[in-house]
Amino acid sequence: MAKIENYNFAGKKALVRVDFNVPLDENGKVTDDTRIRGALPTLKKILADGGSLILMSHMGKPKGKVNPKLSLSQIREDVAKALGAEVEFAKDCADASKEAAALKPGQALLLENLRFYPEEEGKPTGIDKTDPGYDAAKKEMKERQKEFAKKLASYGDVYVNDAFGTAHRKHASTAVVADYFDADHKMLGFLMEKEVKAVDNILNNIKRPFTAIMGGSKVSSKIGIIENLMDKVDNLILCGGMTYTFAKAQGGKIGNSIVEDDKLELALDIIKKAKEKGVNLVLGTDCLAADDFKNDAAVKVCNASAIPDGWEGLDAGPATMASFVNAILPAKTILWNGPAGVFEFPNFETGSRVIAEAIAEATNNGAFSLVGGGDSVACVNKFGLADQVSYVSTGGGALLEAIEGKVLPGIAAIG
Ligand code: AMP
């Protein structure tokens, strides 16, 4: 497999899959350019070597149709400013051979939103899965996807995938396109390499003790990860809304707290497995309960298994927070996914803040910490601690699937 750090892009046209799926305001202005900045090390190396760039990305979910509100032309200037280079725009990414051929070293071309084409995702449109013609339509779309990927591939001499956020998708630009380049002409970008290394530290290169903190609203969305981590961690903190499914499963009274009644058995099974495997399972013992789901609701600290009717647990309680800190501070490997409470309400953010602060302190003492998956990233940003953890992942679904132990198509395609 080729490595970006060793590759000389001089005179080469690099076809780079980036994740420029940035948020825009109602006037089409970029409101957060983190993703553009994330790709810069890769893009600047290519230009500095004397290569040229063909940038391809998706934005939003246009579902295979042209939608001007999701046109990447809106971010062209931001990309040019970040790169410090001219960026041309190709408004038809399936017909950009001329523009690509005209590129000179040091120049860049941004292709239109890949998802304006149904071939990018490769799912048949306008037909239901239950329709008798579905399988034939799927097969036909897969062929069209290959043709589309081949066209994209024809623009570049070398393919670089730096879009971790979509690495769990087998799309034309993230995986299929790689089939049209040999092993010496395809590689991961720097951002992808960092993400892969961070996941490897969590799954294979573990320094002990290893503490994983899984929070958020539901057990069901985290079960694959919890099961995979059970064989690896020393301490497993399960917090947030999951707390109450565990409390109820063990016979607790949880008032109006969020609960998955069909996951009570599963919760008991997780408790049993943790015992069998010698994992220290940290569950909430107390909570901050509210009489309504709002920031200024009345609150009281309750036993997480004895919440009065009409009240619901919206954050961890003080004893629970202390047990989080005890499991986090001595750790040498830390993974955090999902908040410990409804952190969007300032009055219920303390549990998540305590976790973030303990992770920052442990990191300062030499631990490797990985924070990823949507809301926990929002937490470290909210608490101003993003630069005090080892790595903040750019991947939501991709990170979660990687930690579940699944092989990501975007990475597998590189070989
Ligand atoms: P997830 O998408 O599953 O990671 O869940 C994140 C969401 O879980 C956040 O929006 C939190 O507000 C929510 N959450 C965390 N703790 C609770 C709780 N105790 N009750 C209801 N929602 C919660």
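Anything mentioned here points back to the structure above.
A short tour of the structure in this document, coming up. (Residues numbered from 1 in each chain as written. Predicted model: local features only at pLDDT ≥ 70, side-chain atom pairs only at ≥ 80, totals over all residues. Heavy atoms only, no water.)

1. Some words on the site of the ligand
Working step 1: Around the ligand, the surrounding shell holds 15 residues, and the nearest of these are Ser217, Lys222, Gly313, Glu344 and Asp375.
Working step 2: Separating an oxygen atom of the ligand from a backbone N or O atom of Ser217 is a distance of 3.0 Å.
Working step 3: A distance of 3.2 Å is found between a nitrogen atom of the ligand and a backbone nitrogen or oxygen belonging to Gly241.
Working step 4: In the complex, the protein chains occlude 80% of the 500 Å² of accessible area that the ligand would expose alone.
Working step 5: Its atoms largely coinciding with the cavity grid, the ligand occupies the second largest pocket.
Working step 6: When its residues are assigned to classes, the shell around the ligand shows 5 nonpolar, 7 polar and 3 charged. (Near = heavy atom within 4 Å. Polar contact = N/O pair within 3.5 Å; in protein donor to acceptor, adjacent residues only side chain to side chain. Areas by Shrake-Rupley, 256 points an atom, 1.4 Å probe, with all protein chains shown as cover. 1 Å grid on protein atoms, 1.4 Å probe; cavity = no way out; pocket = protein on both sides within 12 Å on 5 of 7 lines; lining within 4 Å. Sits in = over half its atoms within 2 Å of the grid points. Nonpolar A, V, L, I, M, F, W, Y, C, P; charged D, E, K, R; others polar.)

2. Quick word on the layout of surface pockets
Working step 1: Taken as a whole, the largest pocket holds about 1,200 Å³ of empty space.
Working step 2: Looking at the largest pocket, it is lined by 40 residues, and the ones nearest its centre are Asp19, Asn21, Arg35, Gly165 and Thr394.
Working step 3: Those elements that place two or more of their residues in the lining of the largest pocket are α1 (34-49), α4 (118-121), α6 (190-203), α12 (375-382) and β17 (391-392).
Working step 4: At 5 residues, α1 tops the list of elements feeding residues into the lining of the largest pocket.
Working step 5: When its residues are assigned to classes, the lining of the largest pocket shows 9 nonpolar, 19 polar and 12 charged.
Working step 6: Reported here for the second largest pocket is a volume of approximately 390 Å³.
Working step 7: Along its surface, the second largest pocket is lined by 25 residues, and Gly216, Ser217, Gly241, Pro339 and Gly341 are the ones closest to its centre.
Working step 8: Looking at the lining of the second largest pocket element by element, the count peaks at 4 residues for strand β14 (residues 312-316).
Working step 9: Each residue belonging to the lining of the second largest pocket can be placed in one class, and the counts come to 8 nonpolar, 11 polar and 6 charged. (Points joined across faces, edges and corners; volume = space filled by probe spheres on them. Helix = DSSP H or I, 4+ residues; strand = E, 2+ residues; numbered from the N terminus.)

3. Here we look at a positive patch on the surface
Working step 1: On the surface, a cluster of positive charge is contributed by Lys129, Lys138, Lys142 and Lys170.
Working step 2: With respect to the helices, strands and loops of the structure, Lys170 is situated in the loop between β5 (158-161) and β6 (186-188).
Working step 3: You can call Lys170 exposed: its relative accessible area is 56%. (Patch = residues over 30% accessible without salt bridge, like charges linked within 9 Å, V, L, I, M, F, W, Y side chains within 5 Å. Salt bridge = Lys/Arg side-chain N within 4 Å of Asp/Glu carboxyl O. Lys, Arg positive; Asp, Glu negative; His and termini not counted. Charge placed at Lys NZ, Arg CZ, Asp CG, Glu CD. Buried < 20%, exposed > 50% of the residue type's maximum accessible area, 1.4 Å probe, protein only.)

4. Some remarks on a negative patch on the surface
Working step 1: Together, Glu86, Glu88, Asp92, Asp95 and Glu99 make up a negatively charged patch on the protein surface.
Working step 2: Judged by relative accessible area, Asp92 falls into the partly exposed class, the value being 31%.

5. As for the pairing of strand β1 (residues 13-17)
Working step 1: Within β1, 5 of the 5 residues are buried, leaving the element largely enclosed by the surrounding structure.
Working step 2: Along β1, one buried face is formed by Lys13, Leu15 and Arg17 and the opposite face, lined by Ala14 and Val16, is buried too.
Working step 3: Where β1 and strand β2 (residues 52-56) come together, 5 bridges link them in parallel fashion. Paired with Arg17 across the bridge in β2 is Met56.
Working step 4: Each parallel crossover has a hand, and for β1 linked through α1 to β2 it is right-handed.
Working step 5: By the bridge criterion, 4 bridges tie β1 to β5 in an arrangement that is parallel. Residue Leu15 lies in a different strand from β5, and its bridge partner there is Tyr159. (Pairing = 2+ DSSP bridges. Right-handed = clockwise from strand over helix to strand, strands pointing away.)

Just geometry here; none of it tells us what the structure is for.
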